[in-house]
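Letter by letter, the chains look like this.
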Amino acid sequence: NSGDSMKTKCMKYYYKVDKIIVHDHNSKRELIKDFQVKEDKIAVIAHGVLEFSVDEEEVKSIMDKLAAKYSLKDKLVFASMGGQSPYKGTDLICDAYLNSEYLINNDNVFLIIAGKGNIASPERFEGCNNVLIVNDSLSDSEFQAIMRLTDVMLLPYRKISQSGVLLTTIQNQIPFAVTPMGGLSEPLELAPVGWIIASPMVDSVRECMESLAHNINKTKAVKHNQQNWNLLKNKYNWEKISLQTENFYELTI
């Protein structure tokens, strides 16, 4: 959201430095195309998974309270977490859900939107009994509790390079639905632990959510395929990434 003035400044920075590390191949393509950075100046090194240090008893307590209050057992839980923003597509999720009679009237489906912002206002969902809106910053324990209750994390970004929420989602082995923006869909090239939303459009988000809700058992099964999660965690392993980064520095010196 910074506009052309920041782009001009960044071009100067990119010109002065010897090498650049990016976390996905799309970012590399953008640097070459939009900033005229030479290809051999750029290395693609993944960003590792993100892990929180939390009080596990507190997390379990929050999970138990939410699961009991909203009868989440056996339901398919969709979630969108982090600061609410148009570039993250929070409004797309709201419109997709409210435009779907199948979703808003489905007792087997539940939607949680949790994070600071006012795009997903509780007033918009008045009368919907299968939605929880938390318009506030979350503690680490609250964040982890909601994430662990989630069956599908929704990331319908309009624009992004990489997402901290996605990397935390992978660490927690939560399946995810993403738009093909930036590096969001790259993990799915390694292992089928989620789904691609065709485009950052309301209809595409709705169609994806409805499809997953029509096949709850199949959707939930993705969460428990440990072999696929091991493939991803090997890709986004910090020890491996640190060695790649060290080797890149040695080549630069």
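Let us look at the structure shown here.

Calculation notes
- Residues numbered from 1 in each chain as written.
- Predicted model: local features only at pLDDT ≥ 70, side-chain atom pairs only at ≥ 80, totals over all residues.
- Heavy atoms only, no water.
- 1 Å grid on protein atoms, 1.4 Å probe; cavity = no way out; pocket = protein on both sides within 12 Å on 5 of 7 lines; lining within 4 Å.
- Points joined across faces, edges and corners; volume = space filled by probe spheres on them.
- Helix = DSSP H or I, 4+ residues; strand = E, 2+ residues; numbered from the N terminus.
- Buried < 20%, exposed > 50% of the residue type's maximum accessible area, 1.4 Å probe, protein only.
- Contact = heavy atoms within 4.5 Å.
- Pairing = 2+ DSSP bridges.
- Axes fitted to C-alpha atoms, helices over the stretch in contact; angles between N-to-C directions.
- Right-handed = clockwise from strand over helix to strand, strands pointing away.
- Nonpolar A, V, L, I, M, F, W, Y, C, P; charged D, E, K, R; others polar.
- Core = buried A, V, L, I, M, F, W, Y, C linked by side-chain atoms within 4.5 Å.
- Patch = residues over 30% accessible without salt bridge, like charges linked within 9 Å, V, L, I, M, F, W, Y side chains within 5 Å.
- Areas by Shrake-Rupley, 256 points an atom, 1.4 Å probe, with all protein chains shown as cover.
- Salt bridge = Lys/Arg side-chain N within 4 Å of Asp/Glu carboxyl O.
- Lys, Arg positive; Asp, Glu negative; His and termini not counted.
- Charge placed at Lys NZ, Arg CZ, Asp CG, Glu CD.
- Polar contact = N/O pair within 3.5 Å; in protein donor to acceptor, adjacent residues only side chain to side chain.

## Considerations on empty space enclosed by the protein
The tally for this structure, following the rule as stated, stands at one cavity of 30 Å³ or more. Its boundaries defined by the atoms lining it, the largest cavity holds a volume of some 60 Å³. Ser80, Met81, Gly82, Gly83, Gln84, Lys88, Thr90, Leu154, Leu155, Pro156 and Tyr157 are the residues that line the largest cavity. When contributions to the lining of the largest cavity are tallied by element, the ones reaching two or more residues are strand 3 (76-81) and strand 6 (152-155).

## Points about helix 4 (residues 90-98)
Along an α-helix, residues three or four apart share an orientation, since each turn contains 3.6 residues. Taken together, the buried positions of helix 4 are occupied by Thr90, Leu92, Ile93, Cys94, Ala96 and Tyr97. The elements touched by buried residues of helix 4 are strand 3, helix 5 (101-104), strand 4 (109-114), strand 5 (131-134), strand 6 and helix 9 (202-214).

## What to know about the sheet that holds strand 7 (residues 176-178)
Strand order across the open sheet formed by six strands is 5-4-3-6-7-8, with parallel pairing between neighbours. Each edge of the sheet is formed by a strand with only one pairing partner; in this case those strands are strand 5 and strand 8 (194-196). Each strand of the sheet is rotated relative to its neighbour by a mean of 20 degrees, with strand direction disregarded. Sheet topology places strand 6 next to strand 7; three bridges connect them, and they run parallel. Residue methionine 153 lies in a different strand from strand 7, and its bridge partner there is phenylalanine 176. Helix-sheet contacts for helix 6 (residues 140-149) involve strand 3, strand 4 and strand 6, and the interaxial angle to strand 3 is about 145 degrees. Lying on the sheet, helix 9 is in contact with strand 3, strand 4, strand 6, strand 7 and strand 8; it crosses strand 3 at an angle near 150 degrees.

## Observations concerning the pairing of strand 6
Here strand 6 shows two buried faces, one formed by Val152 and Leu154 and the other by Met153 and Leu155. Note that strand 3 and strand 6 share two bridges and pair parallel. Bridge pairing in strand 6 places phenylalanine 78 opposite valine 152. Traced from strand 6 through helix 7 (residues 164-171) to strand 7, the parallel crossover comes out right-handed.

## Quick word on the side chain of threonine 150
Inspection of the secondary structure assignment puts threonine 150 in the loop between helix 6 and strand 6. On the basis of relative accessibility, which here comes to 0%, the residue threonine 150 falls in the buried class.

## Considering the layout of surface pockets
Here the second largest pocket is characterised by a volume of approximately 220 Å³. Per-class residue counts for the lining of the second largest pocket are four nonpolar, two polar and seven charged.

## Some details on the nonpolar core
With 42 residues, the main nonpolar core has Ile112, Met153, Leu155 and Phe176 as its most contacted residues. It is helix 6 that provides the largest number of residues to this core, a total of five residues. The residues contacting isoleucine 112, other than those within four sequence positions of it, are Val77, Phe78, Ala79, Ser80, Leu132 and Ile146. Residues Ile113, Val131, Ile133 and Leu154 belong to the second largest nonpolar core, which totals 27 residues.

## Some thoughts on a negative patch on the surface
A cluster of acidic residues, Asp55, Glu57, Glu58, Asp136 and Glu142, forms a negative patch at the surface. Of note, glutamate 57 is situated in helix 3 (residues 56-69).

## Some thoughts on the side chain of glutamine 84
Within the secondary structure, glutamine 84 sits in the loop between strand 3 and helix 4. Side-chain polar atoms of glutamine 84 contact the backbone nitrogen of isoleucine 119, separated by 3.1 Å. Apart from the residues lying within four places of it in its own chain, the contact partners of glutamine 84 are Thr90, Ile113, Gly115, Lys116, Gly117, Asn118, Ile119, Ala120, Val134 and Asn135.

Scope: geometric values only; no functional claims are made or implied.
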